[in-house]
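Notes for the structure review
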Amino acid sequence: QVQLVESGGGLVQAGGSLRLSCAASGRTFSRNAMGWLRQAPGKEREFVAAISYSGVSIYYADSVKGRFAISRDNAKIMVSLQMNSLKPEDTAVYYCAARSLSGVRTEKYEYDYWGQGIQVTVSS
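Below is a summary of the structure that appears in this document. (Residues numbered from 1 in each chain as written. Predicted model: local features only at pLDDT ≥ 70, side-chain atom pairs only at ≥ 80, totals over all residues. Heavy atoms only, no water.)

The four strands lie next to each other as β1-β3-β8-β7, forming an open sheet whose pairing is antiparallel. Among the strands making up the open sheet, the edge pair consists of β1 (3–7) and β7 (68–73). Taking each pair of neighbouring strands and ignoring which way they run, the sheet shows an average axis angle of 15°. Relative to strand β8 (residues 78–83), β7 runs antiparallel, the two sharing six bridges. What sits directly across from Arg72, in β8, is Val79. (Pairing = 2+ DSSP bridges. Helix = DSSP H or I, 4+ residues; strand = E, 2+ residues; numbered from the N terminus. Axes fitted to C-alpha atoms, helices over the stretch in contact; angles between N-to-C directions.)

See the structure below:
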């Protein structure tokens, strides 16, 4: 049984920073791409960032480019999202997700495993 557990969310003022982490367990995530997606109230779940197993391929949503950075530690089977210069519009539940395959993707239906989500609230 695959488990993805997020941590690091919370409340921060606009312009501040947060670091989200996701710990994976239950299977060997060899060659699996992983990503972060988010869902704001009343909105569809949207792509934020994704990273290949090697870390060579990284994608970001345009809305977070230059502010967010995704990374992974394959030895610890963890993926992180460093979020800087946060804006109120970044407020959402953030989900860690993993694919069964190696290719990096931006569509939510491409992800097979999901964490329970963690709240990030940015106050103005």
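From this point, the discussion proceeds with the structure in view.
Turning our attention to the nonpolar core. In terms of nonpolar packing, the biggest core is built from 34 residues, with Trp36, Leu81, Met83 and Tyr94 touching the most fellow members. Contributing elements (two or more residues each) for this core: β3 (18–25), β4 (34–39), β5 (46–51), β7, β8, β9 (92–98) and β11 (118–123). (Core = buried A, V, L, I, M, F, W, Y, C linked by side-chain atoms within 4.5 Å. Buried < 20%, exposed > 50% of the residue type's maximum accessible area, 1.4 Å probe, protein only.)

For a regular strand, side-chain orientation follows a simple rule: the groups alternate between the two sheet faces. When β3 meets β8, the two strands line up antiparallel, connected through six bridges. The residue bridging Leu18 from the neighbouring strand is Met83, located in β8. Taking the residues between adjacent antiparallel strands as the criterion, β7 and β8 are bridged by four residues, where Ile77 takes a positive phi near 50°.

Moving on, we come to the pairing of β9. Counted residue by residue, β9 has six buried out of seven residues, so it is predominantly covered. Relative to β9, β4 runs antiparallel, the two sharing six bridges. Its bridge partner lying in β9, Met34 is registered against Ala98. Judged from the three bridges that link them, β9 and β11 form a sheet pairing that is antiparallel. The residue of β11 that forms the bridge with Ala92 is Val120.

Any two side chains of opposite charge can pair, given that their charged atoms come close. Summed over all chains, the structure comprises six salt bridges. Taking the shortest distance from any N to any O, the salt bridge between Arg38 and Glu46 comes out at 2.7 Å. Its relative accessible area of 5% is what places Arg38 among the buried residues. Close ionic contact of Arg38 with Asp90 constitutes a salt bridge, the shortest N to O distance being 2.9 Å. Of this pair, Arg38 sits in strand β4 while Asp90 sits in the loop between β8 and β9; the two residues are 52 residues apart in sequence, bridging distant segments of the chain. (Salt bridge = Lys/Arg side-chain N within 4 Å of Asp/Glu carboxyl O.)

What follows covers the side chain of Ser21. With respect to the helices, strands and loops of the structure, Ser21 is situated in strand β3. The exposure class assigned to Ser21 is buried, which follows from its relative accessible area of 15%. Excluding its chain neighbours within four sequence positions, the residues that come into contact with Ser21 are Val5, Glu6, Ser7, Trp36, Met78, Val79 and Ser80. (Contact = heavy atoms within 4.5 Å.)

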